[in-house]
Amino acid sequence: MDTKGKLIVFEGIDGSGKSAHYRRVCARLQEDGVDYRHIVFPRYDNESSALIRMYLNGEFGSNPTDVNAYTASTFFAVDRFASYKRDWGEYHSAGGFVLSDRYTTSNAVHQGSKLPDDELLPFFDWLYDLEHNKMGLPVPDLVIYLDVDIETSLARMKHRQEKTNTHADIHEKDIEYLKNCLRVADKAAEHYRWHRIPFLSNGVERSIEDKHEEIYSVIMDALE
């Protein structure tokens, strides 16, 4: 298995099961003895996420659209740049395999949701140029996008908040915003050629095990 310079990303809206599948894959990689590093964005416990925390806490406005897509994208891009330069860039450049829960892809989904359809493709291209060309962040070798419906997303977020005794940020509490995220994620997945993990099979929600096996198989294929 060749893992030289690989970057694989998990993407999906809140409540898609993305982080749960990410953790499951991390555990299996460790069991299988695969050498890798894992990262999660945003990095809320780091100084580089200060503007992100202010934004999500509503300090720039109580609605996501109070900060336009381009401005908000820079908040998240700076956090990723800091992580790349300080934590994993040298490892990746030397041939390491990095697995990421969210990445540059999240700006396409979450900030693109603020834009009408006819402005999305220019925005997608601007994001790619900003983060990969101008800032020098590596392009993912594979993006695994977990699809979901809005009802399941909302139910899972509510359950998580009750379990962890946390409150929804300005993204999570705005249902129309989340619906737009799903709309834009579908377009981003097509535009960037992400690997989509369907939520349903023959009209029925797929099991966690079924999705996990597909995800792990796709990752192993990408590492060959």
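Look up a bit, the structure's there.
This structure is a prediction, so every number in the text was calculated from the model and none was measured.

Scoring rules and cut-offs
- Residues numbered from 1 in each chain as written.
- Predicted model: local features only at pLDDT ≥ 70, side-chain atom pairs only at ≥ 80, totals over all residues.
- Heavy atoms only, no water.
- Helix = DSSP H or I, 4+ residues; strand = E, 2+ residues; numbered from the N terminus.
- Rg over C-alpha atoms; globule rule 2.2 N^0.38 Å.
- Buried < 20%, exposed > 50% of the residue type's maximum accessible area, 1.4 Å probe, protein only.
- Core = buried A, V, L, I, M, F, W, Y, C linked by side-chain atoms within 4.5 Å.
- Polar contact = N/O pair within 3.5 Å; in protein donor to acceptor, adjacent residues only side chain to side chain.
- Contact = heavy atoms within 4.5 Å.
- 1 Å grid on protein atoms, 1.4 Å probe; cavity = no way out; pocket = protein on both sides within 12 Å on 5 of 7 lines; lining within 4 Å.
- Points joined across faces, edges and corners; volume = space filled by probe spheres on them.
- Nonpolar A, V, L, I, M, F, W, Y, C, P; charged D, E, K, R; others polar.

Peer 1: Whenever I open this one, the overall build of the protein chain confuses me. Can you help?
Peer 2: Counting secondary structure elements, the protein chain contains eight helices and seven strands. Here the C-alpha atoms of the protein chain give a radius of gyration of 17 Å, agreeing with the 17 Å that 2.2 N^0.38 yields for 224 residues. In terms of principal-axis extent, the alpha carbons of the protein chain reach across some 45 × 45 × 40 Å. In the protein chain, buried positions account for 50% of the 224 residues.

Peer 1: Hey, could you run me through the nonpolar core in this one?
Peer 2: For soluble globular proteins, the rule of thumb is that nonpolar side chains tend to be buried together. Ranked by internal contacts, the top residues of the largest apolar core, which has 33 residues, are Trp88, Tyr103, Phe124 and Trp194. Element by element, the count of residues in this core is highest for helix α7 (residues 175-192), at eight residues. Residues Phe10, Val25, Tyr216 and Ile219 belong to the second largest nonpolar core, which totals 20 residues.

Peer 1: Would you take a moment to explain the environment of Tyr55 for this structure?
Peer 2: Secondary-structure assignment places Tyr55 in helix α2 (residues 50-56). Sequence separation between Tyr55 and Arg206 is 151 residues, and the spatial gap between their C-alpha atoms is 35 Å.

Peer 1: Honestly, the side chain of Glu11 in this entry has me stumped. Any pointers?
Peer 2: Among the secondary structure elements, Glu11 is positioned in strand β1 (residues 6-11). Take Glu11: its relative accessible area is 0%, and that puts it in the buried class. Side chain to side chain, Glu11 and Thr105 meet in a polar contact 2.5 Å long. Non-local contacts of Glu11, meaning those with residues more than four positions away in its chain, are made with Lys18, Arg102, Tyr103, Thr105, Ser106, Val109, Val143, Ile144, Tyr145, Leu146 and Trp194.

Peer 1: Before we go on, may I ask you to explain the layout of surface pockets in this structure?
Peer 2: To find leftover empty space, a probe the size of one water molecule is rolled over the atoms. Of the voids in this model, the second largest pocket is the one considered here, and its volume is about 250 Å³. Considering the residues around the second largest pocket, the lining is formed by 15 residues, among which Val139, Pro140, Val143, Tyr192 and Trp194 are closest to the centre. Among the elements of the structure, α4 (105-111), α5 (120-134) and β4 (142-146) are those that each provide at least two residues to the lining of the second largest pocket. Take the lining of the second largest pocket: its biggest share by element is three residues, from α5. Here the residues of the lining of the second largest pocket are counted per class, giving nine nonpolar, four polar and two charged.

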